[in-house]
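Residue-level listing of the chains:
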Amino acid sequence: MPHFLLHNRHTAGDCGVVFAAFRGFPSPLRHTPALATCRSGGHEVWWRTTATDEPAALRQLPHYVATATTATRVERVDTP
């Protein structure tokens with residue numbers, strides 16, 4: 001199954017809304033770790049997930065969050 005990095009950018013005013021959007025939304029990303037810059041003022045979030053393709057990866061997010069998110073297919077590589 002392909003791996004994707006989901007990258008969301010939002011404003012400081014939308015920060016709470018991004019996280020609240022997950023309430024009641026059946027997502028495999030709920031209650032999983034994410035990387036975020038919100039507490040340091042950057043207001044970006046990254047999730048790592050698996051999906052069949054980019055649209056399927058974005059469907060794991062609430063619509064409001066997905067509209068400001070990019071999905072990039074990634075692979076693990078070993079650094080020489």
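Read on for an overview of the structure. Computed from a predicted structure; not experimentally measured.

Observations regarding unusual backbone geometry
Phase 1: Despite not being glycine, His-31 shows a phi value in the positive range, around 60 degrees.
Phase 2: Residue position: His-31 is located in the loop between helix H1 (15-20) and strand S2 (35-36).
Phase 3: The backbone phi angle of His-43 is positive, close to 55 degrees, even though this residue is not glycine.
Phase 4: Relative to the assigned elements, His-43 resides in the loop between S2 and strand S3 (44-50).

Digging into the environment of Thr-11
Phase 1: Looking at where Thr-11 falls in the secondary structure, it is placed in the loop between strand S1 (3-9) and H1.
Phase 2: Residue Thr-11 is classed as partly exposed on the basis of its relative accessible area of 47%.
Phase 3: Along the backbone, Thr-11 and Cys-38 are 27 residues apart, and their C-alpha atoms lie at a distance of 9.2 Å.

Points about the environment of Phe-19
Phase 1: Relative to the helices and strands, Phe-19 is located in helix H1.
Phase 2: The exposure class of Phe-19 is partly exposed, given its relative accessible area of 39%.
Phase 3: Note: C-alpha distance between Phe-19 and Arg-30 (11 residues apart in sequence) is 9.7 Å.

Comments concerning the packing of aromatic side chains
Phase 1: Under the criterion given, the structure shown has one aromatic pair.
Phase 2: Relative to Trp-47, the ring of Phe-22 has its centre 5.8 Å away and its plane inclined at 50 degrees; by these criteria the two rings are tilted. Of this pair, Phe-22 sits in the loop between H1 and S2 while Trp-47 sits in strand S3; the two residues are 25 residues apart in sequence, bridging distant segments of the chain. We note that Phe-22, like Trp-47, is buried.

Let's talk about the layout of surface pockets
Phase 1: In this structure, the largest pocket spans a volume of roughly 240 Å³.
Phase 2: Lining the largest pocket are Phe-19, Phe-22, Arg-23, Leu-29, Arg-30, His-31, Thr-32, Ala-34, Ala-36, Val-45 and Trp-47.
Phase 3: For the lining of the largest pocket, a count of residues per class yields seven nonpolar, two polar and two charged.

Considering the sheet that holds strand S4 (residues 69-74)
Phase 1: The antiparallel open sheet is built from four strands, whose spatial order is S2-S3-S1-S4. Each edge of the open sheet carries a strand with a single partner, namely S2 and S4.
Phase 2: Judged from the seven bridges that link them, S1 and S3 form a sheet pairing that is antiparallel. Bridging from a neighbouring strand, Asn-8 pairs with Val-45 of S3.

Thresholds, definitions, all that
Residues numbered from 1 in each chain as written. Predicted model: local features only at pLDDT ≥ 70, side-chain atom pairs only at ≥ 80, totals over all residues. Heavy atoms only, no water. Helix = DSSP H or I, 4+ residues; strand = E, 2+ residues; numbered from the N terminus. Buried < 20%, exposed > 50% of the residue type's maximum accessible area, 1.4 Å probe, protein only. Phe/Tyr/Trp six-rings, centres within 6.5 Å; stacked < 30°, edge-to-face > 60°. 1 Å grid on protein atoms, 1.4 Å probe; cavity = no way out; pocket = protein on both sides within 12 Å on 5 of 7 lines; lining within 4 Å. Points joined across faces, edges and corners; volume = space filled by probe spheres on them. Nonpolar A, V, L, I, M, F, W, Y, C, P; charged D, E, K, R; others polar. Pairing = 2+ DSSP bridges.

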